[in-house]
Every structure is written in C-alpha cells, then in structure tokens.
Amino acid sequence: MKAKYKLFIVIMFIGITVGCDDFLERSSQNLIVPETVKHYKELLQGDGYFKDLYEKTKWVLFMTDDAEFQESYSRFSDYSFTSDNVTHYGDIYTWQSEIENDNFTDEAYLYLYKQVKLANLCLEGAINAEGENEDREILLGQSYFTRAMAYFYLANLYGQAYNEAQPSDMCVPLVLEPDITIVSPSRATISQIWGQMTSDIENAIKNLKDKSTGDYFTIGYDAVLALATRIYLFMEDWDNAITYGEELVGRKPELQDITSETKATSSTYGSTDKAVINFFRADNPEIIWNFNTAPTSNSTGKTFYGLFAKYGVYTAGYWIATSSQSFYPEQKTLIEMYDTDETAKTGDRRLLYWFIPPVKKTSSSYADSYNTYKTLKYDPQYDKQNMLMQCFRTGEVYISLAEAYARRNAAGDNVKAIGYLNSLREKRINPYTALSLGDFVSNDALVQFCWDERRRELCFEECHRWWDMRRQGQKQVTHRYNYGGTSGDAFVTFTLQEKDPAFILNFPIVERNQSPNLVPNSRPTRNEN
C-alpha cells in the first residue's frame, strides 16, 4: 500500500499542474486511488494547505495605494540588477488591460483551482475510505475549509466585490467534482459562488467542532472560525461575522504585545539585529493557522521584503507609498496613518517594529539621498527555523469584530466596536489613551476608523489591502511611474478610476484562449494621464 500511495501522489501531482483545462478535464480512471482516511489526509497536507499561495499572489498588492514606484537614489538606476523588477510588474502596477507580459504570468488562478480539485477529491473519497469516523470528520472539515478558502480568493480576485455586485453577476467557474469532463467551464454567478462558500464553511464548522487537530500548522476549528468571520464580514452579514468572531476570541483572546518594541529586526538592508525578534514567529500567541512555507532567501522575491525593499537598494522599483495616491483629502498614505514619534520612538509601535525607516546616504554617489520605508513583519534573514510568514491571526478577528459591530450599528454596538479597537490598540501603542464614543462625531467616522485600523494592522498580509479597496467604495487611486528610471526622466501618472472595471482581474490569457465558455472580464486600455 505504501508504494501504491506514493505512485498515486506522483500521478496526481502531474495531473493537476499541467494546465487549467487539462486539470479540469483529466479523468481519474487510470489513477491508483488511496484507500484510507490517513492517505487522503496526507494528500491534502502534501499538495494542499496553500503552501505556495503567497508566492502566487504576492504581486496583487502592487495594485494598491500602499505601493509606489520611486527612484532608489537620485542619480542611480540599474534595471538589470534583478529579474524581479519593473519589467515583471509594471503592467500590474499601472492597471493595464493585460497584466501578463513576456516576464510575468498570473499563476494564482490555476493554483487556486488545484486546491479546489484536491478538496473535491478528498470530500468524495473520504466517505468510503477506511478509518475511524472522527478522523473522517476531521478530513471532511479540512477539505470543506480548503474549498471555501480557495473560492474566497478566486471570488475576490476574479469576480466583483460581493457588496458591489448583483447576485446574478458572473463570478468564477464552480467546480464541485474531482472528475470534470466538460471542455470549458462556464462562470457561475456571485450568488452561487458565495452560497457555496458559506455552505462549505458551515460544513467545516460542523465537522471540526470539538475535534483535536494538532498545532497551528494543521487546519483546525479556530482556523475555520477565522475564515467564517472573514467570509461573513465581506458579505456584510454582521450577525454571523460577530457570532463566529466572538466564538473565536472567546477561545483564543491572545494578542502579541509589541508596546516595548522600538525597531525592526533589520535597521538597514542586510543588517539583521539578533536582539529583535520577528513578529511572525513560532511563539506569537496570535497565530491561529500558518499556511506558508518560509522562503530560503529574500532574493527570490517571494516576500514583500524582497519585492518592496530589495529594489530600493540598488535599483528603481516599487516601494511603500510615501506620497499621496488618492484624490480624497482625508485619505492618507499608510505611513502617515501611524501616529508615531520616530525620534522619541513612542506612539504606534507598528511603524517602528514592522518597517525599516529611511536611511540617509552620505557616499559621494548618493549624497543627501534617502531610500524609503521597507516592510518587515518577518525577516527572511533572521532565524528561519522559527520564522513564519502568512498566518490567520487574532489581530484580524479583533478588527473584523470592530467593523461588524460599527456597521451593524444597533443599540450598544458602537460601544462594543470601540471595545475591540481598544483591546487591539493597547497592544500596539505606547503610551495609549483609550478611545471613547466622544472621539467619533458619527457612526460613519467610527466605521472609517475601523477601516483605517484594518489597513494599519494587516498591511502586506495576504491580499487584504486590495480586497478592502474593492469593498470599501472602490475609490480613485493614482500611481506614478517612470519609464526610464533616471532622474532626468519625468514621472507620469496612471489613474484607477472610482468603480473602475480593473478592480476585477481578468482570467489568465492561456485560460481565456483554451476555454471558449469562460467569458472574460473587461478591463479598459489605460494610458498615462
């Protein structure tokens, strides 16, 4: 059986990575199917669990107002230094009708359907597989969770935001069977995809409740509650978001206290301070579920440290925005949103702990030039054994509960929203003065504060900022760009208009070419302003 199972794994891996249509069409009739619940569980953990999701979706945040193209230093531009440069992501950053080019291919779509395929296979096979009933229920719960999470990503990348769409609007293909024989899958509706998502997450809750599943590297009940809170928040189902969020914080209320932190693990590029410990680390009490394999090196471009910080050392490229990207006076840059005294090292410690500050260069080549902020919630050069990357964590749940209460706005809800804000912020800010109702002139002001806090708290994690821009009004944003990259070339700007169709990604080119029933998303041609 051991040899048989290994053969199945190899064949299965080949079958789900050769291309989307092949992946959807391939029959299992020639595969050697696993026979036990344990085998299915190992299959899900081996090829599933979203371990490569960060690498496949890291580019999404280049479309947000947290990213800005800047020259590294006023008289220096060497685009040949790295392959992960503007030639890869320029079309993404400027919201072109086609974001793929000779140097970049969108691999997220196929990867997410690979997770769907694995979940479907396990859901079908678990029913008659040999094993204890409790183990079977755990496998079912983990598989339902996997499919719900995959569709959450697919719907929030390739479909309209739930609160901006009509139920009948097209979303993404709905694939529920491990064997798909149709030549080209058609798109399901918003109602069908989000309905399946909620059905799957409710089934995951049912199957994993009161089950022991192990540490935070394994999908467990708390991870399911976290995803349920997120799904219902995006659907603006405040009651369910509150129900599942409060169940989770009742089980796991811990937040990492960073109020004594005054700097990131690296104060300058390439200089790791061993006295400072990563935020995303093994003993962080906030971690609910870790689902990403840490990269071996920042130079691979698999982290936002590599993508945002590396370019600012030797080349022009994408850095964290420090100039206004918005047409709305009240909208600040991410860095401006932290109330931090960087000289005294007091106030909001997230800016001090999660970012490397600008450093003035004094050499003759770069005299009186500065780089800009670099994001560093996790240091790829520091203690790789204990470093985590992408995680579900309680910090997100606290801010989701605050938003859900503020937006439900029933009697007493604003007080509860402020309570969750204070619980989070008192672990982030020192000295801290608690918020009260008197600090907000209206409920709208409180909701906006929740959204701002979410941006501060969840920056550069998953695709949160892009998702939030989509569901928080889809406001107009500009990105500046420099084709030549030299100080003698003027910057131009590109604008993502309010409610722009480019808030929705098109499907990868190869999928559109091979799938005639896959109606594409329309994205306008975009020229510089």
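Note: the structure precedes this text.
**Q** Give a description of the pairing of strand S16 (residues 477–481) that names residues and reports values.
**A** For S16, a buried count of four out of five residues is recorded, marking the element as mostly surrounded by other parts of the structure. Taken together, the five bridges between S16 and strand S17 (residues 492–496) define a ladder with antiparallel strand orientation. Within S17, the residue paired with Val477 across the bridge is Leu496.

**Q** Give me the lowdown on the side chain of Lys377, citing residues and values where you can.
**A** Of note, Lys377 is situated in the loop between strand S13 (374–375) and strand S14 (391–393). For Lys377, a relative accessible area of 2% gives the class buried. At 2.9 Å, the side chain of Lys377 forms a polar contact with the backbone oxygen of Glu457. For Lys377, the side chain forms a polar contact with the side chain of Glu461, separated by 2.4 Å. Excluding anything up to four places from it in sequence, Lys377 contacts Asn278, Phe279, Phe280, Trp354, Arg393, Glu457, Leu458, Cys459 and Glu461.

**Q** Give a detailed account of the nonpolar core, specifying residues and quantitative values.
**A** Inside soluble globular proteins, nonpolar side chains tend to come together where they are buried. In this structure, Trp59, Phe145, Met149, Trp289, Phe355, Phe392 and Trp466 are the most contacted members of the largest nonpolar core, which totals 142 residues. It is helix H7 (residues 133–158) that provides the largest number of residues to this core, a total of 15 residues. The contact partners of Trp289, leaving out residues within four places of it in the chain, are Tyr49, Phe50, Phe145, Met149, Tyr216, Phe217, Thr218, Ile219, Ala223, Gln390, Cys391 and Phe392.

**Q** Can you tell me about the layout of surface pockets, naming the residues and giving the values?
**A** Empty space left among the atoms is revealed by rolling a probe the size of a water molecule over them. Estimates place the volume of the largest pocket at around 420 Å³. Together, 18 residues line the largest pocket, and Lys332, Met337, Phe449, Asp452 and Arg456 are the ones closest to its centre. For the lining of the largest pocket, the secondary-structure elements that each account for two or more residues are strand S9 (346–348) and helix H16 (443–458). Residue contributions to the lining of the largest pocket peak at four residues, all from H16. A breakdown of the residues in the lining of the largest pocket according to their chemical character gives six nonpolar, four polar and eight charged.

**Q** Can you lay out the packing of aromatic side chains for me, pointing to particular residues and giving the numbers?
**A** For the coordinates displayed, the defined rule picks out 34 aromatic pairs. Measuring from ring centre to ring centre gives 6.1 Å for Phe152 and Trp194, while their planes differ by 75°; the resulting arrangement is edge-to-face. With Phe152 in helix H7 and Trp194 in helix H8 (residues 190–208), the pair connects residues that are 42 residues apart, well separated along the chain. Judged by its relative accessible area of 0%, Phe152 is buried. When the centroid spacing of 5.2 Å and the interplanar angle of 70° are considered together, the rings of Phe279 and Phe280 count as edge-to-face.

**Q** Explain unusual backbone geometry to me, and be specific about the residues and the numbers.
**A** In this model, Asn430 is joined to Pro431 through a cis peptide bond whose omega is 0°. Along the chain, Pro431 falls in the loop between strand S15 (429–430) and H16. Of note, Asn409 is a non-glycine position whose phi angle comes to about 60°, a positive value. Position of Asn409 relative to the elements: it lies in the loop between helix H14 (394–408) and helix H15 (413–425). According to the relative accessible area criterion, Asn409 is partly exposed, its value standing at 38%.

Calculation rules
Residues numbered from 1 in each chain as written. Predicted model: local features only at pLDDT ≥ 70, side-chain atom pairs only at ≥ 80, totals over all residues. Heavy atoms only, no water. Buried < 20%, exposed > 50% of the residue type's maximum accessible area, 1.4 Å probe, protein only. Helix = DSSP H or I, 4+ residues; strand = E, 2+ residues; numbered from the N terminus. Pairing = 2+ DSSP bridges. Polar contact = N/O pair within 3.5 Å; in protein donor to acceptor, adjacent residues only side chain to side chain. Contact = heavy atoms within 4.5 Å. Core = buried A, V, L, I, M, F, W, Y, C linked by side-chain atoms within 4.5 Å. 1 Å grid on protein atoms, 1.4 Å probe; cavity = no way out; pocket = protein on both sides within 12 Å on 5 of 7 lines; lining within 4 Å. Points joined across faces, edges and corners; volume = space filled by probe spheres on them. Nonpolar A, V, L, I, M, F, W, Y, C, P; charged D, E, K, R; others polar. Phe/Tyr/Trp six-rings, centres within 6.5 Å; stacked < 30°, edge-to-face > 60°.

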